[in-house]
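Each chain, written out:
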Amino acid sequence: MQMREMETLKHSDVNQAKKIDIRKTRVRWGEFLIESSLGLCAMISIFTTGVIIFILAQESLGFFEAVSPFDFFFGTSWVPLFEPSSYGVLPLLWGTMLITIGAALFAIPTGLASAIYLSEYASPRMRAVVKPVLEVLAGIPTVVYGYFALTFVTPLLRKMVPGLEVFNALSGAIVVGVMILPTIATLSDNALRAVPDSLRQGAYALGATSLEVTTRVVVPAGLSGVMASFLLAISRAIGETMAVTLAAGATPNLSLTFLESIQTMTAYIVQVSMGDTPAGGIAYQTLFAVAGLLFVITLILNIVSQWILSKFREVYE
Amino acid sequence: MSAINLLEESIVEKTAGESESIPSQTFPDEVILDIDNVSISYSGNPAVKHVSFPIAKNRITSIIGPSGCGKSTLLRSINRMNDFIDGVTVDGNFIYAGHNVYSSRIDPVEVRRNIGMVFQKPNPFPKTIYKNISWGPQINGFTGSMDELVEKSLRQAALWDEVRDRLHESALGLSGGQQQRLCIARALAMEPDILLMDEPCSALDPISTSHIEDLLFDLKSRYTIVIVTHNMQQAARISDYTAFLEMGDLIEFGITDQLFTRPNQKRTEEYVTGRFG
Ligand SMILES: Nc1ncnc2c1ncn2[C@@H]1O[C@H](COP(=O)(O)OP(=O)(O)OP(=O)(O)O)[C@@H](O)[C@H]1O
Ligand SMILES: [Mg+2]
């Protein structure tokens, strides 16, 4: 007690001796410069997004003046470039869904399993090899995956699956699945490794086996990050273009099986963009209507993922 | 050679001509776990060297000693929590229920079901209070009334009254002291034979600490407790037996009162009084 009083006393002595001034006396120009240039960069990206949304909306409105929204959203036939034309987007939407669902069916279990293996079971040596390989896999241009599908996966599948067309949804779904697998594996691995070791020890100390610790403590605790990795991977699958164009073809199709050629929304956009469709016509405007729909879907997915993240977030110190 | 014999021997050895503050010829309590000539090293660096002492059933044994002397290492190795650290080697025997805990015929999961542990930092699962308690019994195939077990465990840990209205809220909303008592309740729900505690009060305020000390006292009739502590008063207040380690060596083991008031070893006296003064 006495000690502490003496210390405080000494402290105030010092304060009196040294004049302390805490008023603002100078402007920090360096800070100001950095802050404003960072702000400017942020503005550029906001501005670009704004312009894109504006153009999408404007051209889509032009499209919907000619085609009724009902025909667009509920029509089952997509023949925009030839007469007699029809503008039902469902086949394209279905093509995208088929690829996305197929890819997710493959990549979610495999990716989560790899993440669990990497974070809970692999030796540090093993991790040091596998993680960089996964990252390289994630960095391969998607057009390479497309050719891989066309020249390797499809011929292989055609030997095993009778009736498989040259362009087919199955092959597309598989390569897109392979493509998004590293995203799921590395992001989920990060999420699982962020779960503090003290939780694992607590569980082991209650007589849990490794499997119980992993599935009933670690994965639930890292669930928000794991879910985020799924959603990110799914939105990549939805937006994927080159691989599906090459593997799954360009035939708008409401087929229920994975065996036939289909066309996704992105593949359609590529087809029209690379063809000689004249600007301004209705065929040209379909581009914006489809792109707008894609944009809305991705936006909804992002909002849902934010919501899931906040709902599942488990905080631990 | 059992730890009891060693204890007697070492006492005879070390106390020749000194005070008569020795436990009687035979160990006065039933031995539930016998630590017998145990040495532990991390990648070849010894952390615990040839330590032997018995753990008495339904008693509190405290392990004291300066930081880094191997207390946690020794405690963790009792229920094989050391298995998860790379490079650990354990020599010697932990004789429990007629077997060496490190024998190849032993299932470490079963060992941990019977020898529970409470950690220095509270580590509740990011789940509800209720699920924190029910988790262990559930994975171990508990078939009775879970509600009753949860209530009983929380009561034993002196936490029931504070959380009875919020059982289904996240355990992370509890204070540090409440979280630690929850972790104790979680361990008790498994009805362990032995409860190991590594500085369970080090992150707590004096009031929570005294709550937990009272609690340990009550638990003694049903459980055997081994506690690591840096707090000399705490060791003196609550434990029946005390082991004093220094740089991996067991300097002295004995009845707490005697070890604190009339230690046989000069180093024990210096350590114990140094902290008191
Ligand atoms: N995981 C580990 N890997 C390598 N060495 C370790 C590890 N844990 C502990 N050690 C070493 O073993 C010795 C004993 O450590 P231990 O944690 O058992 O000490 P302690 O008595 O519990 O100390 P404290 O009172 O500070 O908790 C120390 O020298 C420490 O550096
Ligand atoms: Mg320690």
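The model shown is predicted, which means the values in this text are computed figures rather than measured ones.

(A) Broad picture of the overall build of chain A. Counting secondary structure elements, chain A contains 13 helices and two strands. Relative to the 2.2 N^0.38 estimate, which gives 20 Å for 317 residues, the radius of gyration of chain A is 28 Å and therefore markedly larger than a compact globule would have. Taking the principal axes of the C-alpha coordinates as reference, chain A spans close to 95 × 60 × 30 Å. Evaluated residue by residue, chain A yields a buried proportion of 38% over its 317 residues. By sequence separation, contacts in chain A at least 24 residues apart represent 70% of the contacts at least 6 residues apart.

(B) How the structure looks around the overall build of chain B. Along the backbone of chain B there are eleven helices and ten strands. Counting across all 277 residues of chain B, residues that qualify as buried make up 55%. Intrachain contacts of chain B at a sequence separation of at least 6 include 68% that bridge at least 24 residues. Carbon and sulfur atoms make up 48% of the accessible area of chain B, which totals about 11,800 Å².

(C) Local environment of helix α7 (residues 176–188) of chain B. Residues and elements named next belong to chain B. The end-to-end C-alpha distance of α7 is 18 Å, a good match for the 18 Å that 13 residues give at a rise of 1.5 Å each. Taken across its 13 residues, α7 has twelve buried, putting it largely inside the fold. Where α7 is concerned, the buried positions are G177, Q178, Q179, Q180, R181, L182, C183, I184, A185, R186, A187 and L188.

(D) Expanded view of the pattern of salt bridges. Residues and elements named next belong to chain B. Across all of its chains, the model carries 18 salt bridges over all chains by this definition. Here R59 and D29 are joined by a salt bridge, their closest N and O atoms 3.0 Å apart. Of the two residues, R59 is situated in the loop between β2 (45–56) and β3 (60–64) and D29 in the loop between α1 (3–15) and β1 (31–42); the sequence distance between them amounts to 30 residues. Since its relative accessible area comes to 28%, R59 is described here as partly exposed. In this structure, D83 engages R80 in a salt bridge whose closest nitrogen and oxygen atoms are separated by 3.1 Å. A relative accessible area of 34% means that D83 is categorised as partly exposed.

(E) How the structure looks around the interface of chain A and chain B. At the interface, 20 residues of chain A touch 24 residues of chain B. Buried area between chain A and chain B, both sides added, is near 1,900 Å², and the carbon and sulfur share of it is 65%. Of all residues in chain A, A:A205, A:L206 and A:R216 give up the largest surface area on contact with chain B, accounting jointly for 34% of the area buried on that side. Counting across the chain A and chain B interface gives zero salt bridges. Within the residue set of the side of chain A that touches chain B, elements represented by two or more residues are α8 (197–204) and α9 (210–221) of chain A. Examining the composition of the side of chain A that touches chain B, we find that six residues originate from one element, α8(A), more than from any other.

(F) Looking closely at the site of ligand 1. Residue and element names in this part refer to chain B. Around ligand 1, a shell composed of 13 residues is seen, among which S67, K71, S72, T73 and H230 lie nearest. A distance of 2.8 Å separates an oxygen atom of ligand 1 from a polar backbone atom of G68. A distance of 3.4 Å separates an oxygen atom of ligand 1 from a polar atom in the side chain of E199. Contact with the protein chains hides 60% of the accessible area of ligand 1, taken as 630 Å² for the molecule alone. The element best represented in the shell around ligand 1 is helix α2 (residues 71–78), accounting for four residues.

(G) Up close: the side chain of B:Q178. Residues and elements named next belong to chain B. Checked against the element boundaries, Q178 lands in helix α7. Within polar-contact distance, the side chain of Q178 engages the backbone nitrogen of S175 at 3.0 Å. Beyond its immediate chain neighbours, meaning those up to four positions away, Q178 contacts L159 and E162.

(H) Structural detail: helix α4 (residues 90–121) of chain A. When the terminal C-alpha atoms of α4(A) are compared, their 44 Å separation across 32 residues agrees well with the 46 Å that a helix rising 1.5 Å per residue should span. In α4(A), a bend of some 25° at A:A107 exceeds every other bend along the element, and A:P109, a proline, comes one to four places later.

(I) Broad picture of the packing of helix α4 (residues 129–139) of chain B against helix α5 (residues 146–156) of chain B. Residue and element names in this part refer to chain B. Where α4 meets α5, the closest approach of the two axes is 10 Å, and the angle between their N-to-C directions is 110°. The orientation of α4 relative to α5 falls into the category roughly perpendicular. Crossing of α4 against α5: the hand is right-handed. Facing α4, whose interface residues are I129, Y130, I133, S134, P137 and Q138, α5 presents M146, D147, L149, V150, S153 and L154. Classifying every residue of the contact of α4 with α5 by side-chain character gives eight nonpolar, three polar and one charged.

(J) Region of the structure containing the domain arrangement of chain A. Residue and element names in this part refer to chain A. Split by domain assignment, chain A resolves into domain 1 (2–66) and domain 2 (74–312). One C-alpha centre belongs to domain 1, the other to domain 2, and the line joining them spans 38 Å. Listed by partner, the interface residues are eight residues for domain 1 and nine residues for domain 2. On the domain 1 side of the contact with domain 2, L56, E59 and F63 bury the most area, a combined 67% of that side's loss. Applying the counting criterion to the domain 1 and domain 2 interface returns zero salt bridges. Taken together, domain 1 and domain 2 are joined by one residue pair in polar contact (both at pLDDT 80 or more).

(K) Local environment of the pairing of β2(B). As defined by bridge partners, β1(B) adjoins β2(B) across eight bridges and the pair is classed as antiparallel. Note on β2(B): the bridge partner recorded for B:I35 is B:F53.

(L) View of the layout of surface pockets. Considering only enclosed or pocket space, the largest pocket measures out at about 620 Å³ in volume. Lining the largest pocket are 21 residues; nearest its centre among them are A:S119, A:E120, A:D197, A:R200 and B:F84. For the lining of the largest pocket, the secondary-structure elements that each account for two or more residues are α4, α5 (124–139), α8 and α9 of chain A. For the lining of the largest pocket, a count of residues per class yields nine nonpolar, five polar and seven charged.

Reading guide: rules and limits
Residues numbered from 1 in each chain as written. Chains lettered and ligands numbered in written order. Predicted model: local features only at pLDDT ≥ 70, side-chain atom pairs only at ≥ 80, totals over all residues. Heavy atoms only, no water. Helix = DSSP H or I, 4+ residues; strand = E, 2+ residues; numbered from the N terminus. Rg over C-alpha atoms; globule rule 2.2 N^0.38 Å. Buried < 20%, exposed > 50% of the residue type's maximum accessible area, 1.4 Å probe, protein only. Contact = heavy atoms within 4.5 Å. Areas by Shrake-Rupley, 256 points an atom, 1.4 Å probe, with all protein chains shown as cover. Expected span 1.5 Å × (residues − 1). Salt bridge = Lys/Arg side-chain N within 4 Å of Asp/Glu carboxyl O. Buried area = accessible area lost by both parts, 1.4 Å probe. Near = heavy atom within 4 Å. Polar contact = N/O pair within 3.5 Å; in protein donor to acceptor, adjacent residues only side chain to side chain. Bend = angle between axes of the 7 residues up to and from the residue. Axes fitted to C-alpha atoms, helices over the stretch in contact; angles between N-to-C directions. Parallel < 35°, antiparallel > 145°, perpendicular 65-115°, else oblique. Left-handed = near helix turned anticlockwise from the far one by under 90°. Nonpolar A, V, L, I, M, F, W, Y, C, P; charged D, E, K, R; others polar. Domains from an automatic or database assignment. Pairing = 2+ DSSP bridges. 1 Å grid on protein atoms, 1.4 Å probe; cavity = no way out; pocket = protein on both sides within 12 Å on 5 of 7 lines; lining within 4 Å. Points joined across faces, edges and corners; volume = space filled by probe spheres on them.

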